[in-house]
Amino acid sequence: FSIETELRRAIDNAELTLHFQPICDLASGRIISFEALARWTNEHGQPISPNEFIPVAEESGLIVPLGRWAMDCAARTVAEWDARAGADCGVNVAINLSAIQLQRDQIAPMVEAALAANGVEGRRITLELTESALVTDPDRISQTMQALKSLGTTLAMDDFGTGYSNLAYLQKLPIDILKIDRSFVTGMLADRDKIAIVRAILSLAQALGMRTTAEGIESNDLAQTLAALGCSYGQGFLYARPVPADAAYALLADRN
Ligand code: G
Ligand code: G
Ligand code: MN
Ligand code: NA
């Protein structure tokens, strides 16, 4: 399991970085948030995709230190952006939490510690969970989500529509944002079924008082159509790819 050994070293030696992809208000185009995405370039200079190393981290338990590092790095970055802006820089940062990480770590105390260590308020952080996180231990996840809300964080359901859980959780759990999975967004302008699914998710979210983010927006036509359908936010290569923290701050200074 050499990738595991290398990943352990990478976490210790700060070979990992976070990149940041803007999430924009569809109506105004302003950046409201950045999703933090882990990036790893190994000692041979090869980039390893999170699709490869996150599952290894989950199987090995390294997801706990990796997740703690990501949370701390995200909070530190928000504090740095505020310092550069000389004020609240106006955006928050969204962190991905995997289902296994939620099982293995005490997430709320971990988030609270990272916020305190960096002098950052909870409202500056969004936590992205997937439906798979809700399946294994619904009571435990419900308590965790309530605790995260008490810290002031925003909770988003990532990849919405691709999981296997029933929809009853939507009325029980304190979810603020549904992120419409990219698979429904890509090509939806030429696919009546996809548009129907997107419309259904938007009306469900609206009825439940949740905001929505469409993932994978790659064209202006898509952004305009989704805005007209009432989607709150958009994320995708149209706005920007995930970029390092400095470049993300430059986007913010440019656009907002
Ligand atoms: O950025 P990219 O498309 O390569 O990300 C691939 C997947 O890896 C996404 O599903 C994303 O949620 C996941 N991912 C990226 N960074 C992190 C992280 O810090 N923690 C967790 N749990 N997942 C991450
Ligand atoms: O699963 P999650 O939503 O956390 O994964 C985010 C992933 O989606 C990242 O790997 C990011 O690079 C990718 N991504 C973001 N915007 C786009 C887009 O417009 N098109 C495509 N194909 N991928 C995107
Ligand atoms: Mn995500
Ligand atoms: Na997603």
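The name that an unreviewed UniProt entry assigns to the chain is Diguanylate cyclase, with the source organism given as Sphingomonas turrisvirgatae.

### Points about the site of ligand 2
Neighbouring ligand 2 are 14 residues, the closest being Asn-96, Gly-216, Glu-218, Gly-236 and Phe-237. Taken together, the residues of the shell around ligand 2 break down into four nonpolar, five polar and five charged.

### Re the nonpolar core
Among the nonpolar cores identified, the biggest contains 73 residues, and Ala-36, Ala-70, Ala-74 and Ile-95 are the most heavily contacted of them. Of the residues forming this core, the biggest block, nine residues, is contributed by helix H3 (residues 63-85).

### So, the site of ligand 1
Every residue close to ligand 1 is listed here: Leu-37, Ala-38, Ser-49, Pro-50, Asn-51, Ile-54, Ala-70, Asn-96, Leu-97, Ser-98, Gln-101 and Pro-242. Mapped by element, the contributors of at least two residues to the shell around ligand 1 are strand E2 (31-41) and helix H2 (50-60). No other element matches H2, which puts three residues into the shell around ligand 1. A class-by-class count of the residues in the shell around ligand 1 yields seven nonpolar, five polar and no charged.

### Some details on the environment of Ile-201
Along the chain, the position of Ile-201 falls in helix H10 (residues 192-207). Taking the number of C-beta atoms within 10 Å as the measure of exposure, Ile-201 has 22 and is therefore buried. Along the backbone, Ile-201 and Ala-99 are 102 residues apart, and their C-alpha atoms lie at a distance of 22 Å. Residues within four places of Ile-201 in sequence aside, it is in contact with Phe-160, Gly-161, Leu-178, Ile-180 and Thr-212.

Rules used throughout
- Residues numbered from 1 in each chain as written.
- Chains lettered and ligands numbered in written order.
- Predicted model: local features only at pLDDT ≥ 70, side-chain atom pairs only at ≥ 80, totals over all residues.
- Near = placed C-beta within 6 Å.
- Nonpolar A, V, L, I, M, F, W, Y, C, P; charged D, E, K, R; others polar.
- Core = buried A, V, L, I, M, F, W, Y, C linked by C-beta atoms within 7 Å.
- Buried ≥ 20, exposed ≤ 12 C-beta atoms within 10 Å, placed from the backbone.
- Helix = DSSP H or I, 4+ residues; strand = E, 2+ residues; numbered from the N terminus.
- Contact = placed C-beta atoms within 7 Å.

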